[in-house]
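If you want the building blocks of each chain, they are given just below.
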Amino acid sequence: MKQKTLFIAAATVLLLGFVGATLVYKSEKVDQTAQKADRNGNVLVRMHSPTLGNADAPVVIVEFLDPACETCRVFYPLVKKMLAENPDRIRLVLRYAPFHNGSDKVVAVLEAARKQGKFWPALEALLAAQADWAPNHTAQVALVWKHLEGLGLNLEQMRADMTAPEIANVIAQDLADARTLNVTKTPEFFVNRIPLPSFGYEPLKKLVDNALKAAR
Amino acid sequence: MKAHSETTAWTLLFGAWLIASVSTLGALFFGEVMQLPPCVLCWYQRICMFPLVLILPVGLFPLDGKVIRYALPLAAIGWLFAVFHLLLIAGVIPESIKPCTQGVPCSEKVIEWFGFVTIPLLSVVAFSTIIALLILAHLRSSK
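Our subject in this report is the structure included herewith.

Within chain B, the secondary structure is distributed over four helices and zero strands. Shown N-terminal to C-terminal, the secondary structure of chain B runs as helices and strands in the order α-α-α-α. Going through the 143 residues of chain B one by one, you find that 32% of them count as buried. Put simply, 76% of the contacts in chain B that link residues at least 6 apart link residues at least 24 apart.

If you want it as structure tokens, here you go:
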């Protein structure tokens, strides 16, 4: 009987210790990221990034996105919905975090589409067709082109534009900033420089709602 | 006299379970909380460590000395992987026979406390202690 009590007590202590250490570690990490984002405001938002929404919006969502990331695809319409529900009050800044193999090439395609003023339609088309051009978590740039037909893009021009060194620089800069900000998974969100306390749609929604309230 | 040695054997097995549990939770903390991706060799050591957390209590309630027979092979193989990993990190084993080529290189030191405590060292210490406790428990219970 005494042995059973000892065993259960030990198991409980170990589990509580694990949960406690996890909570402490997570809260410290969020603090560190918040401090970093605060200290390096220019690391969070660069002039070169594509943005959506009012430039003077009181709430700025910075999203680190990988076009080949499935969770990014799931989150994209949710974030757009937030923008649509709060017209002129939220701005979305997109940063690239092409962590999947081959994904940087797809980002280059998107940047080439941006030169023709069709970044967002191209992004939406590629996210919708993601399963087709990124099988087994590997982005294959050769497979993206057919999904861009019908958007009125000059694909020949894009093939030439996507190798431009300034596009490579943008990707390298975004990846370097992601590293500075401890962004290791996508999507990662910062709402008015505050990182998500824990990952998920609900925490994001709460953070955005609080920021909207504070800005009122 | 028999009851006494049985209690000792129980305590030794319980100690082995404690170490296996701490190691398992530690590995999960490194992997799931700190998000350090485990390399291939770490996975093999995990495969040997994690089952001990479940097997040993089965032999504790009620005390069954046979559990030592079931746990020892896991601990021994885990120990071999841990020693190999430690030698790899120390540079004793040359690069060419490194078994992992993709993903996280096993020779990378992701943690170094006090200048010498690495994850493979913790693993070797844990497996060695578990093996020692299991053998002691075996000697006690067979008396």
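Attention now goes to the overall build of chain A. Across its full length, chain A carries ten helices and five strands. Per-residue burial over chain A gives 31% buried out of 216 residues. Across chain A, the fraction of contacts at a sequence separation of at least 24, relative to all contacts at a separation of at least 6, is 80%.

Residue and element names in this part refer to chain A. Taking 1.5 Å per residue as the helical rise, helix H10 (residues 201-215) with its 15 residues ought to reach 21 Å, and the 21 Å between its terminal C-alpha atoms agrees with that figure. Residues of H10 that are buried include every one of Leu204, Leu207 and Val208, and no others. The buried residues of H10 occupy an angular sector of 95° when projected down its axis, which confines them to one face. Across from the buried face of H10, at angles greater than 90 degrees, the exposed residues are Glu202 and Lys213. Contact partners of the buried residues in H10: strand S2 (59-65), helix H3 (70-85), strand S4 (188-191) and strand S5 (194-195).

Bringing the pairing of S2 of chain A into the picture now. Residues and elements named next belong to chain A. Along S2, six of the seven residues are buried, which leaves the element largely enclosed by surrounding structure. Relative to strand S3 (residues 90-96), S2 runs parallel, the two sharing seven bridges. Each bridged residue has a counterpart across the sheet, and for Phe64 the counterpart in S3 is Arg95. One crossover worth recording links S2 to the parallel S3 by way of H3, and it is right-handed.

Quick look at the nonpolar core now. Counting 51 residues, the largest nonpolar core has Ile61, Val106 and Val109 of chain A as its most contacted members. Looking at this core, the elements that each hand over two or more residues are S2, H3, S3, helix H4 (103-115), helix H5 (119-128), helix H9 (165-180), S4 and H10 of chain A. A per-element tally of this core places H4 of chain A first, with seven residues. Formed by 35 residues, the second largest nonpolar core is a distinct cluster that contains Leu13, Leu18, Leu52 and Phe127 of chain B.

Once that is clear, we can look at the interface of chain B and chain A. Counting from both sides, the interface comprises 13 residues of chain B and, opposite them, ten residues of chain A. Counting residues per element, the ones that place at least two in the side of chain B that touches chain A are helix H1 (2-33) and helix H2 (40-60) of chain B. Broken down by element, the residue count for the side of chain B that touches chain A peaks at eight residues, all from H1 of chain B. For the side of chain B that touches chain A, the class distribution of residues is eleven nonpolar, two polar and no charged.

Let us look at H4 of chain A. Residue and element names in this part refer to chain A. Here H4 is 13 residues long and its end C-alpha atoms lie 19 Å apart, about the 18 Å a rise of 1.5 Å per residue gives. Every buried residue belonging to H4 is among Ser103, Asp104, Val106, Val107, Ala108, Val109, Leu110, Glu111, Ala112 and Ala113, and all of these are buried. At its buried positions, H4 is contacted by S3, H5, helix H8 (155-161) and H9. At the exit of H4 stands Gly117, carrying a positive phi of roughly 70°.

Hydrogen bonds along the backbone pair up the strands of a sheet, which may run parallel or antiparallel. All names here are of chain A. Strand order in the open sheet made by the five strands is S1-S3-S2-S4-S5, with mixed pairing throughout. Of all the strands in the sheet, the pair left with one neighbour each is strand S1 (51-52) and S5. Against the sheet, H10 makes contact with S2, S4 and S5, and its axis sits at roughly 155° relative to S2, the strand it touches most.

Attention shifts here to the packing of helix H3 (residues 67-90) of chain B against helix H4 (residues 119-142) of chain B. All names here are of chain B. Between H3 and H4, the shortest axis-to-axis distance is 8 Å and the interhelical angle comes to 150°. One finds that H3 runs roughly antiparallel with respect to H4. Helix-helix and strand crossings are classified by hand; for H3 and H4 the assignment is left-handed. Where H3 abuts H4, its residues Ile68, Ala71, Leu72, Ala75, Ala76, Gly78, Trp79, Ala82, Val83, His85, Leu86 and Ile89 lie against Pro120, Leu121, Ser123, Val124, Phe127, Ser128, Ile130, Ile131, Leu134, Ala137 and His138.

In this model, Thr186 of chain A is joined to Pro187 of chain A through a cis peptide bond whose omega is -10°. The residue Pro187 of chain A is located in the loop between H9 and S4 in this model. The step from Phe61 of chain B to Pro62 of chain B runs through a cis peptide bond, and the omega angle for that step is -10°. Take Pro62 of chain B: it is sitting in the loop between H2 and H3. With a phi angle near 70°, Asp88 of chain A is a residue other than glycine that sits in the positive phi range. Summarising the element assignment, Asp88 of chain A is placed in the loop between H3 and S3. With phi around 75°, Arg193 of chain A is a residue other than glycine that occupies positive phi space.

All names here are of chain B. Relative to the helices and strands, Ala132 is located in helix H4. In this structure Ala132 comes out as partly exposed when scored by C-beta crowding, with 14 C-beta atoms within 10 Å. With 120 residues separating them in the primary sequence, Ala132 and Leu12 have C-alpha atoms 9.3 Å apart.

What counts and what doesn't
- Residues numbered from 1 in each chain as written.
- Chains lettered and ligands numbered in written order.
- Predicted model: local features only at pLDDT ≥ 70, side-chain atom pairs only at ≥ 80, totals over all residues.
- Helix = DSSP H or I, 4+ residues; strand = E, 2+ residues; numbered from the N terminus.
- Buried ≥ 20, exposed ≤ 12 C-beta atoms within 10 Å, placed from the backbone.
- Contact = placed C-beta atoms within 7 Å.
- Expected span 1.5 Å × (residues − 1).
- Arc of directions from axis to C-beta.
- Pairing = 2+ DSSP bridges.
- Right-handed = clockwise from strand over helix to strand, strands pointing away.
- Core = buried A, V, L, I, M, F, W, Y, C linked by C-beta atoms within 7 Å.
- Nonpolar A, V, L, I, M, F, W, Y, C, P; charged D, E, K, R; others polar.
- Axes fitted to C-alpha atoms, helices over the stretch in contact; angles between N-to-C directions.
- Parallel < 35°, antiparallel > 145°, perpendicular 65-115°, else oblique.
- Left-handed = near helix turned anticlockwise from the far one by under 90°.

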